[in-house]
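Reading the structure
Spelled out from the first residue to the last, the chains are:
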Amino acid sequence: MAGTNIDKRSRLLSAAVELTYQNGFEATSLADIAREAKVPLGNVYYYFKTKDEIGEAIVELRLAQLSAQRQRWDEAESPKDRLAPASKASSRTRIAWRSSVCSVGTFCSELHKGGGSVATRATEIFAQHLAWIESQFRALGKGKDSKGLAVHLLSAMQGVSVLAHTFHDSGLVATETKRLKSWIQSL
């Protein structure tokens, strides 16, 4: 029975991630999520008492995914070697646009329009990632410029993802990823 509960919760969360990306967090209802997950609407309340709890669960999922990525990147020997795959994160857009960094940016932007505790918590997604990138630039000896360099890298990754979606051109991601890798190696 415990496996069924985990499966239902997982299906609900997966459906929430997909639907909030497609339709936006505000426009996605609990009924939409239940229908997509093939779970009776009444069961949703067993796992998530409110829509904000679903938002919190999406934030926690994104934080865990990003933490796992950073742990893999931290296995590289040098800061440049750690930053290179971080700049490639946006290249996932070429493979599956829905799982790109852009989906996180879109989610966070929308939440901040409405404010509230979920929006505040969602800030952690970018704050933690930005802090990690900054720490890599500090390890490269960039000192007080580290934060600005980190903002530049994260902005480039987010920006190219938005452009790729807007123009339906995943080649933009490949081009910018290559440029970012060259830039990192030149530091």
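All of the points below concern the structure found in this document. Keep in mind that what you see is a predicted model, and the values were worked out from it rather than measured. (Residues numbered from 1 in each chain as written. Predicted model: local features only at pLDDT ≥ 70, side-chain atom pairs only at ≥ 80, totals over all residues. Heavy atoms only, no water.)

A separate point is unusual backbone geometry. Here the phi dihedral of lysine 38 falls at roughly 60°; this positive angle occurs in a residue that is not glycine. Positionally, lysine 38 belongs in the loop between helix H2 (30-37) and helix H3 (41-47). Of note, the phi angle at histidine 168 is positive, near 50°, even though the residue is not glycine. With respect to the helices and strands, the residue histidine 168 is situated in the loop between helix H9 (146-167) and helix H10 (171-186). (Helix = DSSP H or I, 4+ residues; strand = E, 2+ residues; numbered from the N terminus.)

Before going further, it helps to spend a moment on the packing of H9 against H10. One way to put it is that H9 packs onto H10 with a least axis distance of 9 Å and a crossing angle of 165°. By the angle between their axes, H9 is roughly antiparallel relative to H10. Classified by chirality, the crossing of H10 by H9 is right-handed. Residues Leu149, His152, Leu153, Ala156, Met157, Val160, Leu163, Ala164 and Phe167 of H9 lie in contact with H10, whose contacting residues are Leu172, Val173, Glu176, Leu180, Trp183 and Ile184. Looking at side-chain class alone, the contact of H9 with H10 contains 13 nonpolar, 1 polar and 1 charged residues. (Axes fitted to C-alpha atoms, helices over the stretch in contact; angles between N-to-C directions. Parallel < 35°, antiparallel > 145°, perpendicular 65-115°, else oblique. Left-handed = near helix turned anticlockwise from the far one by under 90°. Contact = heavy atoms within 4.5 Å. Nonpolar A, V, L, I, M, F, W, Y, C, P; charged D, E, K, R; others polar.)

So, on to the side chain of glutamate 110. In this fold, glutamate 110 is placed in helix H7 (residues 101-114). Despite its burial, glutamate 110 remains without a salt bridge, the nearest opposite charge being carried by lysine 51 at 6.8 Å. At 2.5 Å, the side chain of glutamate 110 and the backbone nitrogen of phenylalanine 25 are in polar contact. Every residue in contact with glutamate 110, bar those within four places of it in the chain, is listed here: Gly24, Phe25, Glu26 and Ala27. (Buried < 20%, exposed > 50% of the residue type's maximum accessible area, 1.4 Å probe, protein only. Lys, Arg positive; Asp, Glu negative; His and termini not counted. Salt bridge = Lys/Arg side-chain N within 4 Å of Asp/Glu carboxyl O. Polar contact = N/O pair within 3.5 Å; in protein donor to acceptor, adjacent residues only side chain to side chain.)

The subject of this paragraph is the pattern of salt bridges. Counted under the stated rule, the structure contains 5 salt bridges. Between arginine 11 and aspartate 7 there is a salt bridge, with the nearest N and O atoms lying 2.9 Å from each other. Within this pair, arginine 11 and its partner aspartate 7 are both found in helix H1 (residues 2-23), separated by 4 residues, close to a single helical turn. The closest approach of N and O atoms between glutamate 176 and arginine 179, which form a salt bridge, is 2.9 Å. One end of the pair, glutamate 176, and the other, arginine 179, are both in helix H10, 3 residues apart, so they sit about a helical turn from each other.

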